[in-house]
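Analysis of the macromolecular model
For reference, the chains in residue letters:
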2 protein chains.
Amino acid sequence: MSTSSDSQVLQAIRDRRSAREYLDTPVKKEAIRRIVEAGRLAPSGANRQPWHFVVIDDPEVKHNLRLICEDAEARYYKNADEELREWFTAHSVTPSKPFLERAPVLIAVFFDPHAPYAIPSVWILIAHMLLQATQEGLYSLPYTPSGAELGPPLGVPLKYRVAALLPIGYAERPACQPRLPLSQIASSNAFGMPIEGD
Amino acid sequence: MSTSSDSQVLQAIRDRRSAREYLDTPVKKEAIRRIVEAGRLAPSGANRQPWHFVVIDDPEVKHNLRLICEDAEARYYKNADEELREWFTAHSVTPSKPFLERAPVLIAVFFDPHAPYAIPSVWILIAHMLLQATQEGLYSLPYTPSGAELGPPLGVPLKYRVAALLPIGYAERPACQPRLPLSQIASSNAFGMPIEGD
């Protein structure tokens, strides 16, 4: 498909990359506001909007969250079954999460798991934030803390659980992760029937 | 915040509405292709892309899926606890799902729940599709079939589960669902601390 006629939406989807290393370049508050706004406007089950975001730029708070996350990740990795640990090793995934401190801004996204369709809703919201960050020329990563309790250190009420911690910042553009061709992931009317034009 | 300078991404996020009633107006195949492309490009845990989409425009297939979903919904509603049933009644939610037949196109989104971060990944993908549909001037709805088994009738391998069935079509523009103000859903550095400018 030609990219020349893509809308900005499809272009942002195409341009989005997950970054794990961030530059020190400060991020404008207006950009963060638009990213938060993109989340605020997300749909939710019964329009309950069962979420709360904490925008973090205080270095001490970021440092503290990094320590909590790395501590939880270390426990998680230690208790993971062998197959999962092999997968971590193969993908150079370690409990160390320096991006939580290096990114100029973190957005911690909390949600109430008892709300209807809470998990689908909050991940649609996170997708909105990731695309708006791309539109701003910024990078992010949908990092899901493994078992870390981030509500208490941020004073977030106990009914909320953390869905993701989004680092936001400028970055050297990461390489594109290849995608499967349409013929392998899409069918027409029944599994295996090609989409027209394939 | 002014909307005049919004990017197309934020504008699509702002314009998106969930529609339950669709017009007969046909949908161009190119628009569906771009919606599917928006899904194909979604990020996923370890880039596994653990999904398959079935694009359905065959009236018999749509009719069959509607019957399966309505049957499953009827059982789900009957077995729901009293509190949930009251919620359904209060929100005029019934087991009847005519939009599954009336929308010119359905996109059934399946995913492999055993892949890493499968649920977050597939809901980011669905958000991409919803925004691209909006960009095309189309409407959709992230409908999650309650307990319906949609893989077997579409020939989808058993390892996949359905995440959502997305009706796609033109519609009379639904009213805007009000959103909570930023001050109620966002904080700066600690819960309850206002975002600058609030």
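Before reading further, recall that the structure is shown in the block above.
Residues numbered from 1 in each chain as written. Chains lettered and ligands numbered in written order. Predicted model: local features only at pLDDT ≥ 70, side-chain atom pairs only at ≥ 80, totals over all residues. Heavy atoms only, no water.

A few points about the relation of the copies chain B and chain A
For clarity, the cut-off: To superpose the copies, least squares is applied to the C-alpha atoms of every residue with a pLDDT of at least 70 in both. In this analysis, two residues are considered to be in contact whenever any of their non-hydrogen atoms come within 4.5 Å of each other.
Mapping chain B onto chain A calls for a screw motion: a turn of 180° about the axis and a shift of 0.0 Å along it, with 0.0 Å RMSD after fitting. The transformation relating the two chain copies, once decomposed into turn and shift, fits a two-fold axis. Interface residue correspondence from chain B to chain A reaches 100%, placing this contact among same-surface, isologous pairings.

Quick look at the pattern of salt bridges
Here the idea is simple: oppositely charged side chains can pair when their charged atoms come close. The criterion, for reference: In the sections that follow, a salt bridge refers to a side-chain nitrogen of Lys or Arg positioned within 4 Å of a carboxyl oxygen of Asp or Glu. Helix and strand labels come from DSSP, where a helix needs a run of H or I of at least four residues and a strand needs a run of E of at least two; each type is numbered from the N terminus. To sort residues, take the accessible area from a 1.4 Å probe on protein chains only and compare it with the maximum for the residue type: under 20% means buried, over 50% means exposed, and anything in between is partly exposed.
Inspection of the entire model under this criterion finds 16 salt bridges over all chains. Here A:Arg14 and B:Glu37 are joined by a salt bridge, their closest N and O atoms 3.6 Å apart. A residue pair is termed interchain when its members come from two chains, as with A:Arg14 in helix H1 (residues 8-15) and B:Glu37 in helix H2 (residues 29-40). In this structure, A:Arg14 and B:Glu37 share a single accessibility class: buried. Note that A:Glu37 and A:Arg40 form a salt bridge whose closest N and O atoms lie 2.9 Å from each other. Pair noted here: A:Glu37 and A:Arg40 are both in helix H2 (residues 29-40), with a separation of three residues, about one helical turn.

Examining the nonpolar core
Our working rule: Put simply, a nonpolar core is a bunch of buried Ala, Val, Leu, Ile, Met, Phe, Trp, Tyr and Cys residues held in one set by side-chain atoms that sit within 4.5 Å of each other.
Counting residues in hydrophobic clusters, the biggest one holds 66 residues, and the most contacted among them are A:Phe53, A:Ile107, B:Phe53 and B:Ile107. Apart from the residues within four sequence positions on either side, B:Phe53 is in contact with A:Ile185, A:Ala186, A:Ser187, B:Val36, B:Gly39, B:Arg40, B:Ile107, B:Ala108, B:Val109, B:Leu125 and B:Met129.

What to know about the packing of aromatic side chains
Selection criterion: Within 6.5 Å between ring centres, the rings of Phe, Tyr and Trp (the latter by its six-membered ring) count as paired, and their orientation is classed by plane angle as stacked under 30 degrees, edge-to-face over 60, tilted in between.
Applying the stated rule across the entire model yields four aromatic pairs over all chains. Judged by centre distance (5.5 Å) and plane angle (80°), the rings of A:Phe99 and A:Tyr143 are edge-to-face. With a gap of 44 residues between them, A:Phe99 in helix H5 (residues 99-102) and A:Tyr143 in the loop between helix H6 (118-135) and helix H7 (151-154) connect regions that are remote in the sequence. Note on accessibility: A:Phe99 and A:Tyr143 belong to one class, buried. On the numbers, 6.2 Å between centres and 70° between planes, the contact of B:Tyr76 with B:Tyr77 is edge-to-face. Classification of B:Tyr77 by relative accessible area gives buried; the value is 10%.

As for the interface of chain B and chain A
We apply this condition: For any pair of parts, buried area is found by adding up, for both, the accessible area (1.4 Å probe) each one loses once the two are put together.
Contact residues are listed per partner, giving 71 residues for chain B and 71 residues for chain A. Summed over both partners, the interface of chain B with chain A buries about 6500 Å², with 63% contributed by carbon and sulfur atoms. Of all residues in chain B, B:Arg179, B:Asn189 and B:Phe191 bury the most surface against chain A, accounting for 12% of the area lost on that side. At the surface where chain B touches chain A, the tally comes to two salt bridges.

A word on the sheet that holds strand S4 (residues 186-188) of chain A
Rules: At least two bridges found by DSSP between two strands are what make those strands a pair. Under this scheme, a helix contributes an axis fitted over its contacting stretch, all axes are lines through C-alpha atoms, and angles between N-to-C directions fall in the 0 to 180 degree range.
Strand order in the open sheet made by the four strands is S4(A)-S1(B)-S2(B)-S3(B), with mixed pairing throughout. Two strands close off the open sheet at either side, each with one partner strand: S4 of chain A together with strand S3 (161-168) of chain B. Averaged over all adjacent pairs, the angle separating strand axes in this sheet is 20°, with direction ignored. One ladder, built from three bridges, connects S4(A) with strand S1 (residues 51-56) of chain B; its direction is parallel. Residue pairing across strands places A:Ser187 opposite B:Val54, the latter belonging to S1(B). Across the face of the sheet, H2(B) comes into contact with S4 of chain A together with S1, strand S2 (105-111) and S3 of chain B while running at roughly 170° to S1(B). Strands S1, S2 and S3 of chain B of the sheet are contacted by helix H3 (residues 59-79) of chain B, whose axis makes an angle of about 120° with S1(B).

That is the geometry; function is a separate question.
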